[in-house]
Amino acid sequence: MSEIRPRTRVLDTIIYYLISWAFFLLGMIPPKAAGMLADVLGRIWFVTDRQHREVAIGNLNRAFGDEMPPAQVRALARKVFCSLIRIAFEIGWALHIKKGDVRKYFRFHGMGSLQAALQKKKGVLILTAHLGNWELLVTVAAKLGLPISAIYRPMKFKPLDLFFRELRSRNGASLFPKKGAMRKVLRSLKNNELVGVLLDQHTGMFQGVAVDFFGEPAGTNKGLAFLARETGAPVVPMFLVRENGVFRVECGPQLPDIRTGDQEKDIEATTRLYNRVIESMIRRYPEQWFWVHRRWKIKEYEPLKSV
């Protein structure tokens, strides 16, 4: 084993550099050509990947089946695949942009709510989702000089995990692995920093609650609501999406901290509110959300249908 591990580390390092160069080269493709290529590759992916295609179409039917005919749902699912492919080209492109070019390519809306939240000196919890190009959100915030950190789930493939950790932290952002992140999060909030939380993926019963999302219960992490309640840190929604050839960075108003005296119900109600905010943004940009994830896995929650 002592001989295998060094070899594994060397191989991981080589693969990491290959991945880095691949993204760097993708970023050299002109944006218009990159968009056309992403559409072609996305369509190929949609046709060849039956498993994720069925997941995406199934999810879209849950959300929009009463509003869209099957052909429209399928067309929207195809756009989702193209949008996800586009993320890779955009990550490569972001490696080339300079700090001074941020406002050239990104349009900022509602930043006043973020500044007002920072003035409370309790840090700010950023509610966000796998929408648009979420990978650029931390990068852009750091380039603007905002002190930001993010909770993330390490990838199993170590070279790719290293690449994305370096991508997210290259402009000064801090990253906290999900396991054991609490102490670091509390320290960041105490230092009046931003902490980003992606809240739109399935969470099991131990860490989550089953609350409404597109009209159906979905297992949602209750940690953000609990953290906001315990620290008093304001929660501000923030998303990065594509719009009219540029990126739109949008901050919503600070979300209320629901307190009725029943902590359990308050956390459920607050988490339900967070889901409504995310759902509202997805409805505006449905082709840009991560529909290939199995969001509604609630069999383990069946004893708690009253939630």
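Residues numbered from 1 in each chain as written. Predicted model: local features only at pLDDT ≥ 70, side-chain atom pairs only at ≥ 80, totals over all residues. Heavy atoms only, no water.

1. Quick look at the environment of Lys-222
Tracing the backbone shows Lys-222 in the loop between β7 (216–221) and α10 (223–231). Placed 112 residues apart in sequence, Lys-222 and Gly-110 show a C-alpha to C-alpha distance of 26 Å. Ignoring anything within four residues of it in the chain, the contact list for Lys-222 reads Phe-206, Gln-207, Gly-208, Val-209, Ile-267 and Thr-271. (Helix = DSSP H or I, 4+ residues; strand = E, 2+ residues; numbered from the N terminus. Contact = heavy atoms within 4.5 Å.)

2. A short note on the nonpolar core
If you look at the biggest cluster of nonpolar residues, it comprises 58 residues, and the most contacted ones within it are Leu-125, Leu-127, Tyr-274 and Trp-291. Here the element with the most residues in this core is helix α4 (residues 70–94); it accounts for eight residues. (Core = buried A, V, L, I, M, F, W, Y, C linked by side-chain atoms within 4.5 Å. Buried < 20%, exposed > 50% of the residue type's maximum accessible area, 1.4 Å probe, protein only.)

3. So, the packing of aromatic side chains
Here the structure, examined in full by the defined rule, presents 20 aromatic pairs. Ring centres of Trp-93 and Tyr-105 lie 5.1 Å apart, and the angle between their planes is 90°; this geometry places the pair in the edge-to-face category. Here Tyr-105 lies in helix α5 (residues 102–105) and Trp-93 lies in helix α4, a separation of 12 residues in the sequence. Ring geometry for Phe-213 and Phe-214: centres 5.0 Å apart, planes at 85°, overall edge-to-face. (Phe/Tyr/Trp six-rings, centres within 6.5 Å; stacked < 30°, edge-to-face > 60°.)

4. Some details on a positive patch on the surface
Taken together, the side chains of Arg-153, Lys-178, Arg-294 and Lys-297 make up a positively charged region of the molecular surface. Relative to the helices and strands, Lys-297 is located in the segment after α11 (263–284). What makes Lys-297 partly exposed here is its relative accessible area of 40%. (Patch = residues over 30% accessible without salt bridge, like charges linked within 9 Å, V, L, I, M, F, W, Y side chains within 5 Å. Areas by Shrake-Rupley, 256 points an atom, 1.4 Å probe, with all protein chains shown as cover. Salt bridge = Lys/Arg side-chain N within 4 Å of Asp/Glu carboxyl O. Lys, Arg positive; Asp, Glu negative; His and termini not counted. Charge placed at Lys NZ, Arg CZ, Asp CG, Glu CD.)

5. Comments concerning the pairing of strand β9 (residues 246–251)
Most of β9 is tucked away: five of the six residues are buried. Both strand β1 (residues 106–109) and β9 contribute to a ladder of four bridges, which runs parallel. Residue pairing in the sheet places Phe-106 in a bridge with Phe-247 of β9. A loop of two residues connects strand β8 (residues 235–243) with β9, the two strands running antiparallel in sequence, and Asn-244 in this loop sits at a positive phi of about 55°. (Pairing = 2+ DSSP bridges.)

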